[in-house]
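Each chain, written out:
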Amino acid sequence: NKNKIKINIPSKCPSCNQKLIKAEKEVALRCINFDFCQEQIIYRISHFVSRQALNIEGLGEKQIRFLKEKGIIKNIDDIFLLKRKHDSNSINLYKYNGWGKKSVENLFKAIRKSSTVPFDKFIYALGIRHVGKELSISLSNNFKNLEELIETFSDLSRKNLPECDGLGEIIINSLR
């Protein structure tokens with residue numbers, strides 16, 4: 001109709017200004033700056049600590065964004081170093097508004113608790129494209145540990161691939 005509005009499809013990421021691509025047979029545009037796009041990093045960390053993944057209570061997107069902006073965390077690994085850095089006084093979370101003694105202690109406790117999770121939750125937490133909760137469970141039932149999973153999908157011959165529901169070409173490539 002005459003009230004249509006023309007929408008300009010972006011060509012650059014609104015976060016990092018890098019080129020956006022559209023994969024074949026997909027509708028979504030994706031930023032190609034996987035390692036350095038700040039929004040992608042925040043999203044990956046948020047997914048990793050989410051309720052369905054490692055379930056770190058008290059560490060949601062808002063807190064992750066704050067810690068990232070302050071330079072306290074740069075990636076997932078830094079979450080597990082927070083207590084050590086805080087105890088050694090290289091960071092002081094107490095100096096920030098909303099980070100009282102109780103909330104910081106609860107956060108450290110939740111991080112410590114999350115360091116032991118079922119294998120399926122860990123696989124899901126990795127945020128491998130196209131690997132959701134159900135496939136994470138299936139993969140965890142077919143592999144004893146992370147090393148075996150990595151080794152199997154690093155082998156390009158496909159002779160060792162398990163029979164998993166939903167494990168098709170696209171997902172195999174994502175796991176590789």
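Computed from a predicted model, the values in this text were never measured in an experiment.

*Asks:* Give me the lowdown on the side chain of S114, citing residues and values where you can.
*Replies:* As for its placement among the helices and strands, S114 is situated in helix α5 (residues 101–114). Judged by relative accessible area, S114 falls into the buried class, the value being 3%. Once you skip the residues sitting within four places of it in the chain, S114 turns out to touch L54, I56 and F80.

*Asks:* Go over the pattern of salt bridges, please, and point to the residues and values.
*Replies:* According to the stated counting rule, one finds 8 salt bridges in the structure shown. Here E61 ties to R65 by a salt bridge, and the two come within 2.8 Å at their closest N and O atoms. Here E61 and its partner R65 are both found in helix α2 (residues 61–69), 4 residues apart, which amounts to about one turn of the helix. Looking at R65, the relative accessible area reads 23%, which means it is partly exposed. The closest approach of N and O atoms between K85 and D78, which form a salt bridge, is 3.9 Å. A single network of salt bridges, built from pairs that share partners, joins E26, R30 and R129.

*Asks:* A description of the nonpolar core should follow, citing residues and the corresponding values.
*Replies:* One finds I56, L59, L67, I72, L82 and L93 to be the most contacted residues of the largest nonpolar core, which totals 26 residues. If you list the elements that add at least two residues to this core, you get α1 (38–49), α2, α5 and α6 (119–125). Among the nonpolar cores identified, the runner-up in size contains 13 residues, and I123, I128, C164 and L175 belong to it.

*Asks:* Tell me about α2, and name the residues and values.
*Replies:* By the burial criterion, the buried members of α2 are I64, L67 and K68. All buried residues of α2 fall inside an arc of 100 degrees around its axis, so they share one side. The exposed residues of α2 that point more than 90 degrees off its buried face are K62 and E69. Buried-residue contacts for α2 involve α1 and α4 (82–87). In the stretch just after α2, G71 is the one whose phi turns positive, near 80 degrees.

*Asks:* Which residues make up α5, and what values go with them?
*Replies:* Along an α-helix, a turn takes 3.6 residues, which lines up residues three or four apart on a common side. If you check α5, its first and last C-alpha atoms are 20 Å apart, about what 14 residues at 1.5 Å a residue would give, namely 20 Å. Every buried residue of α5 is accounted for by V104, L107, F108, A110, I111 and S114. Within α5, the buried residues cover an arc of 160 degrees as seen down the axis, which keeps them to one side. Summarising the geometry of α5, the exposed residues directed more than 90 degrees from the buried face are K101, K102, R112 and K113. Where α5 is buried, its residues meet α3 (76–79) and α4.

Criteria and cut-off values
Residues numbered from 1 in each chain as written. Predicted model: local features only at pLDDT ≥ 70, side-chain atom pairs only at ≥ 80, totals over all residues. Heavy atoms only, no water. Helix = DSSP H or I, 4+ residues; strand = E, 2+ residues; numbered from the N terminus. Buried < 20%, exposed > 50% of the residue type's maximum accessible area, 1.4 Å probe, protein only. Contact = heavy atoms within 4.5 Å. Salt bridge = Lys/Arg side-chain N within 4 Å of Asp/Glu carboxyl O. Core = buried A, V, L, I, M, F, W, Y, C linked by side-chain atoms within 4.5 Å. Arc of directions from axis to C-beta. Expected span 1.5 Å × (residues − 1).

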